[in-house]
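# Summary of structural features
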Amino acid sequence: MIKVAINGYGTIGKRVADAVAAQPDMEVVGVSKTKPSAEAYVARQRGYPLYIAEMSKRQAFEDAGLEIAGDVTDMIKHADVVVDATPGGIGEKNKKLYELYGVKAIWQGGEDHEVAGFSFCSSCNYNEAKNRQFVRVVSCNTTGLCRIIHAMDERYGVGRVRATMVRRGSDPGEIKKGPVDAIVLNPVKVPSHHGPDVQTVLPQIDITTMAMIVPTTFMHMHALQMDLKSDATKEEILAIIEAHPRMGLVRPGTGITSTAELREYAQDLGRPRADLYESAIFADSIGLVGRELFLFQAIHQEADVVVENVDAIRAMMNAVDEAAVSIEMTNRALGFTAI
Ligand SMILES: NC(=O)C1=CN([C@@H]2O[C@H](COP(=O)(O)OP(=O)(O)OC[C@H]3O[C@@H](n4cnc5c(N)ncnc54)[C@H](O)[C@@H]3O)[C@@H](O)[C@H]2O)C=CC1
Ligand SMILES: O=C(OP(=O)(O)O)[C@H](O)COP(=O)(O)O
């Protein structure tokens, strides 16, 4: 069994913990929190040993009736791999600790590429992650971009890519972030970080991205354009997406034209926390003008990177040789097939 610790049990960390616990070849050896919270009670209910970032907070946890197994240093001593899901910028500060104890570590998209020197997307560069000590799973939006661009590049070759990301303002449980009544250009300047970030995984792709933030909480929406290098048909592209384990089609028959209806659909499908691990590509939006491909895809920010973390663990441990096999194991353990 691969022993996995989750440093930072928040939006991403709690999902990664549950996804790891569901795998037949992995176990959760601990999760960490900075202060008592609802999530800490959930960790206890799930049976995950709870560690704390600072021992000075021990009393606060004990007062809340939360038993502590030790501090983060104690936790990583039990782990083969640490998934660092602390807020962007904090993870980098933990690197020294991982180096000191010689433990493997995975960072999230809120950190810069340089923290690990290698950025990961399961269906693009699984083999290159093998045996690495440090890997960074790219952000939710970048993961969504990499999946579709790589699939099109493998089949047709991809020239120029242009994409606009309409991003959710905050996660559903976050009360401190906005906007409440604005469309925020984030950033105003072109490109947004997503294009250069895609190039950390797919360096050959000529991509420029723009991004804004809107007052919603569930999912980002991408308007994507790419030049294919050979002729394609809509039917072929639909078939490629349908066969992909991490991309799904929003079919016209569902009548779904929005993120709100997608959330309802995910809930009705019985997905835990309404999580859509796959990119949701609107079948009707797929259009070709000559060799120029257009589409809309919705990306569930809290979920798509979760399954990528699980595959990254297997690659770094060299536990499963082929990406397709790890992806299938991850998906099966979570009981999901793409919509
Ligand atoms: N929320 C999202 O939509 C996505 C987030 N990411 C990335 O994932 C990372 C984590 O983001 P979220 O889960 O949203 O953050 P979050 O704020 O929901 O969770 C972070 C957790 O880390 C804990 N924490 C803070 N400082 C810590 C420390 N020094 N030691 C241990 N734990 C500490 C916090 O208590 C919290 O439980 C960031 O890099 C972010 O950019 C990536 C894709 C999507
Ligand atoms: O990684 C994300 O988005 P991003 O790909 O736009 O950076 C997540 O949605 C987290 O974004 P946040 O930094 O707005 O919380």
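Residues numbered from 1 in each chain as written. Chains lettered and ligands numbered in written order. Predicted model: local features only at pLDDT ≥ 70, side-chain atom pairs only at ≥ 80, totals over all residues. Heavy atoms only, no water.

- An unreviewed UniProt entry lists the protein under the name Glyceraldehyde-3-phosphate dehydrogenase, with Methanofollis liminatans DSM 4140 given as the organism.
- For the record of the protein, the UniProt heading Sequence similarities (unreviewed entry) holds the text "Belongs to the glyceraldehyde-3-phosphate dehydrogenase family."
- As stated in UniProt under Subcellular location (unreviewed entry), the record for the protein gives "Cytoplasm". (UniProt positions renumbered as here; feature names shortened; annotations may be inferred.)

## Examining the packing of aromatic side chains
- Scanning all chains against the criterion turns up 4 aromatic pairs.
- Centroid distance Tyr9 to Tyr48: 6.3 Å. Interplanar angle 75°. Geometry classified as edge-to-face. Taken together, the residues Tyr9 in the loop between strand S1 (2-7) and helix H1 (11-22) and Tyr48 in the loop between helix H2 (38-46) and strand S3 (50-52) connect sequence positions 39 residues apart. For the pair Tyr9 and Tyr48, one class covers both residues: buried.
- Grouped by ring-pair contacts, the aromatic residues Tyr98, Trp107 and Phe134 constitute a single cluster. (Phe/Tyr/Trp six-rings, centres within 6.5 Å; stacked < 30°, edge-to-face > 60°. Helix = DSSP H or I, 4+ residues; strand = E, 2+ residues; numbered from the N terminus. Buried < 20%, exposed > 50% of the residue type's maximum accessible area, 1.4 Å probe, protein only.)

## Here's the deal with the environment of Met329
- Counting through the fold element by element, Met329 comes out in helix H12 (residues 323-333).
- Ignoring any residue separated from it by four or fewer positions in sequence, one finds Met329 in contact with Gln23, Pro24, Asp25, Arg314 and Val320. (Contact = heavy atoms within 4.5 Å.)

## Some thoughts on the sheet that holds S3
- In space, the 8 strands of this open sheet follow the order S4-S3-S2-S1-S5-S6-S8-S7, with parallel pairing throughout. Pairing within the sheet leaves two strands with one partner each, and these edge strands are strand S4 (70-71) and strand S7 (119-120).
- Note that S1 and strand S2 (residues 26-33) share 6 bridges and pair parallel. Paired with Lys3 across the two strands is Glu27, which belongs to S2. (Pairing = 2+ DSSP bridges.)

## Some points on the UniProt feature "domain: Glyceraldehyde 3-phosphate dehydrogenase NAD(P) binding" (unreviewed entry) in the protein
- According to UniProt, the "domain: Glyceraldehyde 3-phosphate dehydrogenase NAD(P) binding" (unreviewed entry) feature falls on residues 2-140.
- In the segment residues 2-140, helix accounts for 32% and strand for 24%; the C-alpha atoms at its two ends are 25 Å apart.

## As for the site of ligand 1
- Lining the immediate environment of ligand 1, one finds 22 residues, of which Thr11, Ile12, Lys33, Asp171 and Gln301 sit closest.
- Between ligand 1 and Gly10 there is a distance of 3.5 Å, counted from an oxygen atom to a backbone nitrogen or oxygen.
- One of the backbone N or O atoms of Gly110 is found 3.1 Å from an oxygen atom in ligand 1.
- About the coverage of ligand 1: the protein hides 80% of its 830 Å² of free accessible area.
- Put simply, the parts of the chain that give the shell around ligand 1 at least two residues each are H1 and S2.
- Counting contributing residues, the shell around ligand 1 receives three or more from each of domain 1 (2-138 + 305-333) and domain 2 (140-299). (Near = heavy atom within 4 Å. Polar contact = N/O pair within 3.5 Å; in protein donor to acceptor, adjacent residues only side chain to side chain. Areas by Shrake-Rupley, 256 points an atom, 1.4 Å probe, with all protein chains shown as cover. Domains from an automatic or database assignment.)

## Some details on the site of ligand 2
- Around ligand 2, the structure places Ser139, Cys140, Asn141, Arg167, Arg168, Lys177, His193, His194, His220 and Gln301.
- Contacts to ligand 2 include Ser139, whose side-chain N or O atom sits 2.5 Å from an oxygen atom.
- Here ligand 2, which alone exposes 390 Å², has 71% of that area covered by the protein.
- Going through the elements one at a time, helix H7 (140-156) and strand S9 (158-168) are the ones with two or more residues in the shell around ligand 2.

## A closer look at the nonpolar core
- Judged by nonpolar contacts, the single largest core of 46 residues is most densely connected at Ile6, Val20, Val31, Leu50, Ile106, Phe120 and Ile313.
- Among the elements of the structure, S1, H1, S2, H2, S3, strand S5 (81-84), strand S8 (134-137) and helix H11 (304-316) are those that each provide at least two residues to this core.
- Here the element with the most residues in this core is H11; it accounts for 8 residues.
- Counting the residues that make up this core, at least three belong to each of domain 1 (2-138 + 305-333) and domain 2 (140-299).
- Those residues in contact with Leu50 that lie beyond four places of it in its chain are Val31, Lys33, Ala40, Ala43, Phe61, Leu66, Glu67, Ile68, Ala69 and Gly70.
- Judged by nonpolar contacts, the second largest core, of 35 residues, contains Leu145, Val201, Ile205 and Ile207. (Core = buried A, V, L, I, M, F, W, Y, C linked by side-chain atoms within 4.5 Å.)

## Thoughts on unusual backbone geometry
- Here the amide bond leading from Asn186 into Pro187 is cis, since omega sits at 0°, within 30 degrees of zero.
- The residue Pro187 is located in the loop between strand S10 (184-185) and helix H8 (194-201) in this model.
- Note the cis peptide between Val190 and Pro191, where omega equals 0°.
- Positionally, Pro191 belongs in the loop between S10 and H8.
- Positioned with a positive phi, Arg273 is a non-glycine residue whose angle comes to about 55°.
- Here Arg273 lies in the loop between helix H10 (259-268) and strand S14 (279-282).
- Positive phi outside glycine occurs at Asn318, with the angle close to 50°.
- The topology assignment puts Asn318 in the loop between H11 and H12.

## Observations regarding the pairing of S14
- The two faces of S14 match: Ser279 and Ile281 on one face and Ala280 and Phe282 on the other face are all buried.
- Where strand S13 (residues 247-250) meets S14, 4 bridges bridge the pair, whose relative direction is parallel. Considered in S14, the bridge of Val250 is made with Phe282.
- Sheet topology places S14 next to strand S16 (residues 292-299); 2 bridges connect them, and they run antiparallel. Residue pairing for S16: Ile281 is matched across the bridge by Gln297.

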